[in-house]
Amino acid sequence: MIKNNCATHITCKKSHVRNTLRWDLSPDEFRSQTESLITRVKKFYDNVGSLNLDDVSVENTLETLAEAKLEYASSRHVLDFPQFVFPSKEIRSASTEADKTLADFDVEISMREDVFKRLTALQAKLQVDVSPEGKRFLDRLVTLGRRKGLHLSKEVQEQIKVTSKLISELCIEFNKNINEDNTSLVFSEHELGGLADSYLSGLERTADGRYKVTLEYPHYYPLMKRCHNPETRRKMETAFHSRCKEVNSTILEQLIQLRAKVSSLLGYSSHANYVLEINMARNACNVSDFLDTFYETLKPIGIKERKYILALKKRECLMRGQHFDGIINAWDLPYYMNQVEQCKFAVNKDKLIEYFPLHVVTEGLFSIYQELLGLTFSEVEHAHVWHHDVKLYSARDTDTGQEIGHFYLDLHPREGKYGHAACFGLQPGGRGPDGKRRLPVAAMVANFTKPRKNWPSLLQHHEVETYFHEFGHVMHEICSKATYSEFSGTLVETDFVEVPSQMLENWVWEKEPLRRMSRHYKDGSPIPEDLLDKLIASRVANTGLMNLRQVVLSKVDQTLHSSSFADTAQVFTKHYQDILGVPATPDTNMTASFSHLAGGYDGQYYSYLWSEVYSADIFFSRFKNEGIMNPKVGKEYRKVILETGGSVDGMVMLKSFLGRTPNQDAFFQCKGLTKSH
């Protein structure tokens, strides 16, 4: 049985590039390699820290630290990434332990006061003997030092260090708990009414003939959208938002207190203001204004959509002889939002999914990205990978034939695997000490339905959109041409990082690309024109409620990180009701499995909406105007946005590519809204 259909159908060349990353470490090797890496990197910092202040130079200080950071980032992810993807629990645990040790070391090296003093001395004496990117690197290191309190007293520094280590450890535990959760529920065929035979046939059966349903995405979301038994949906929604509830609620509430403590020691009014200082938004007030303006625009749309959904629910309850309670429950939303698409836009999801086999989508996605960005992908034969589902690819510049990076695709769920879709940077690009360029490596991890005997992996359209989004992050990683690994790929402002990937989502709503990435899994026929038209028109379906949910999550995040302590379940419940107009399910706590809050988006979840402003402007102003498959615009985009990485500010990149200051017009238009004045 073919484990990953995309590998056998992709029309790209084969490559014999040797993979340099090792995925066969034993638990003991995780420990020894972690210790070895720490020793090697510490030596670089010791050398800089021991320099006479008068002797500091670009070569012995800045370039030494650049080499240390490249060495560290290039070796670290072989140790900390396996916890998210390895089949062996023993290896996942060893990787988690390595991550904890390295997270402690991260705090140690970020708080080297001796190194900080050498950097400030270099900054003071520096004139013009450094490149603009070199100066940006130096300024960033000094800024990060100040943000760690290295200009403050030893006593304060020690408090920050101890607290920061605890924060890192708790974040790792929080995410480990989610990844290791294997909750499942059992239902009879009657309780799963409305679900297709193809869905039921993919479920494990119990001894008494009932069906075992997990909380993994390919099980959870189709059920919530299609099952017409409200009690089944209620049980699933309750279980889904109760994952790790006890342990992770406690951890998250500890994290909120600890982050507030560190921010206060550093002189900030809140953790939100601390993290936002180096983002495009700059402070919590600007984020609040942005979210409030967006909410006011969406509010009347949301009211109208809820009214329509309530009418749908009333009609269905009468038709099925079910009790109509007069409210929209959390477990009703996905189900009736799916019905809105069918009723208002006549999108036949059962028919549509048949045109998106995973191998066809992958083939189309590859061809679009290759043509647009001037790249050529080739599968690496006999690659060393962590699971037989995984494939490794090499990417080359089409014009020069020069290899620019590698990427892995790991697309199917399995026990213990990271449960969402994400891109993991595994090795940064950057100039090595020998002057040669180190090639970036990234991995896309997703949880698309696995192919079965006589049944391919078929994607819902929203999964196709997810695929394009995450692969956009992969391109951002591997196209990077930054000199310093500190600025490689997605190492940009957090509220800019989603821009490139969100921009590329637009291709799944355009006819020509959609035709390229679809054909019927049985006979290879194209999507019928009327179905294609209906799908594209449905982009604005549920605009109000979908975007209001993003406002809810952004507001929850901002509220939690503008406080020194919080009842996380209560905060979520309040915002869910106030903004979305729907009661949260009793005795649940969605924030206990809100991995962003322990995964680098703390105080920054608003970035998804914020970035959409810019991604919409880029797409509609340049690609839609000049041709969505225009390779000239695509290559300019690659050069100005993707290759630059974090070596210049996001706003500078945007102005350069747009030829003007960005605005919000396209953002509101693409959501079917008119900008409020």
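Residues numbered from 1 in each chain as written. Predicted model: local features only at pLDDT ≥ 70, side-chain atom pairs only at ≥ 80, totals over all residues. Heavy atoms only, no water.

Draft legend 1. Seen up close, the pairing of strand β4 (residues 211–214). Note: strand β2 (residues 184–187) against β4, four bridges, orientation antiparallel. Along β4, the bridge assignment pairs Val186 with Lys212. Joining the antiparallel neighbours strand β3 (residues 204–205) and β4 is a turn of five residues, in which Gly209 adopts a positive phi near 90 degrees. (Pairing = 2+ DSSP bridges. Helix = DSSP H or I, 4+ residues; strand = E, 2+ residues; numbered from the N terminus.)

Draft legend 2. Local environment of the UniProt feature "domain: Peptidase M3A/M3B catalytic" (unreviewed entry) in the protein. Residues annotated by UniProt as "domain: Peptidase M3A/M3B catalytic" (unreviewed entry) correspond here to residues 223–669. For residues 223–669, the end-to-end C-alpha separation is 32 Å, with 51% helix and 8% strand making up the annotated structure. (UniProt positions renumbered as here; feature names shortened; annotations may be inferred.)

Draft legend 3. Spotlight on the packing of helix α5 (residues 89–110) against helix α8 (residues 154–180). Two numbers describe how α5 lies on α8: the axes approach to 9 Å, and their chain directions differ by 160 degrees. Taken together, the axes of α5 and α8 lie roughly antiparallel to each other. The two elements α5 and α8 cross, and the hand of that crossing is right-handed. On the side of α5, the interface is formed by Lys89, Arg92, Thr96, Asp99, Lys100, Ala103, Asp104, Val107 and Glu108, while α8 contributes Lys161, Ser164, Lys165, Ser168, Glu169, Ile172, Glu173, Lys176 and Glu180. Per-class residue counts for the contact of α5 with α8 are three nonpolar, three polar and 12 charged. (Axes fitted to C-alpha atoms, helices over the stretch in contact; angles between N-to-C directions. Parallel < 35°, antiparallel > 145°, perpendicular 65-115°, else oblique. Left-handed = near helix turned anticlockwise from the far one by under 90°. Contact = heavy atoms within 4.5 Å. Nonpolar A, V, L, I, M, F, W, Y, C, P; charged D, E, K, R; others polar.)

Draft legend 4. How the structure looks around helix α17 (residues 358–373). Its 16 residues place the ends of α17 22 Å apart at the C-alpha level, agreeing with the 22 Å of an ideal helix rising 1.5 Å per residue. Within α17, 14 of the 16 residues are buried, which leaves it mostly tucked inside the rest of the structure. Directly beyond the C-terminal end of α17, a positive phi value near 70 degrees is found at Gly374. (Expected span 1.5 Å × (residues − 1). Buried < 20%, exposed > 50% of the residue type's maximum accessible area, 1.4 Å probe, protein only.)

Draft legend 5. Geometry of the pattern of salt bridges. Per the counting criterion, the structure on display carries 56 salt bridges. Lys100 is paired through a salt bridge with Glu97; the nearest N and O atoms lie 3.6 Å apart. Taken as a pair, Lys100 and Glu97 lie in helix α5 at a separation of three residues, close to a single helical turn. A salt bridge links Glu529 to Lys511; the shortest N-O distance between them is 2.6 Å. With Glu529 in helix α21 (residues 529–537) and Lys511 in helix α20 (residues 511–516), this residue pair connects regions lying 18 residues apart in the sequence. Glu529 gets classed as partly exposed once you look at its relative accessible area, which sits at 37%. Here the salt bridges share partners, and the residues they tie into one network are Lys42, Asp46, Arg112 and Asp114. (Salt bridge = Lys/Arg side-chain N within 4 Å of Asp/Glu carboxyl O.)

Draft legend 6. Broad picture of the pairing of strand β7 (residues 403–410). When you tally the buried positions in β7, you get eight out of eight residues, the bulk of the element. Sheet topology note: the strand β6 (residues 391–397)/β7 ladder contains six bridges and is antiparallel. Within β7, the position partnered with Lys391 by the bridge is Leu409. Between β6 and β7, which pair antiparallel one after the other, the connecting turn spans five residues, and Gly401 there sits at a positive phi close to 80 degrees. Relative to strand β11 (residues 441–445), β7 is paired through five bridges, and the arrangement is parallel.

Draft legend 7. Local environment of helix α25 (residues 631–642). All of the buried residues along α25 are Val633, Gly634, Tyr637, Arg638, Val640, Ile641 and Leu642. By the N-cap criterion, in which a side-chain oxygen at the helix start approaches the backbone nitrogen of a residue two or three places on, α25 is capped by Asn630, the distance to Lys632 being 2.9 Å. (Polar contact = N/O pair within 3.5 Å; in protein donor to acceptor, adjacent residues only side chain to side chain.)

Draft legend 8. Spotlight on the packing of helix α14 (residues 284–320) against helix α22 (residues 543–560). At a minimum axis separation of 8 Å, α14 and α22 run at an interaxial angle of 145 degrees. Here α14 runs over α22; the crossing is left-handed. Residues belonging to the contact of α14 with α22 are distributed by class as follows: 11 nonpolar, seven polar and four charged.

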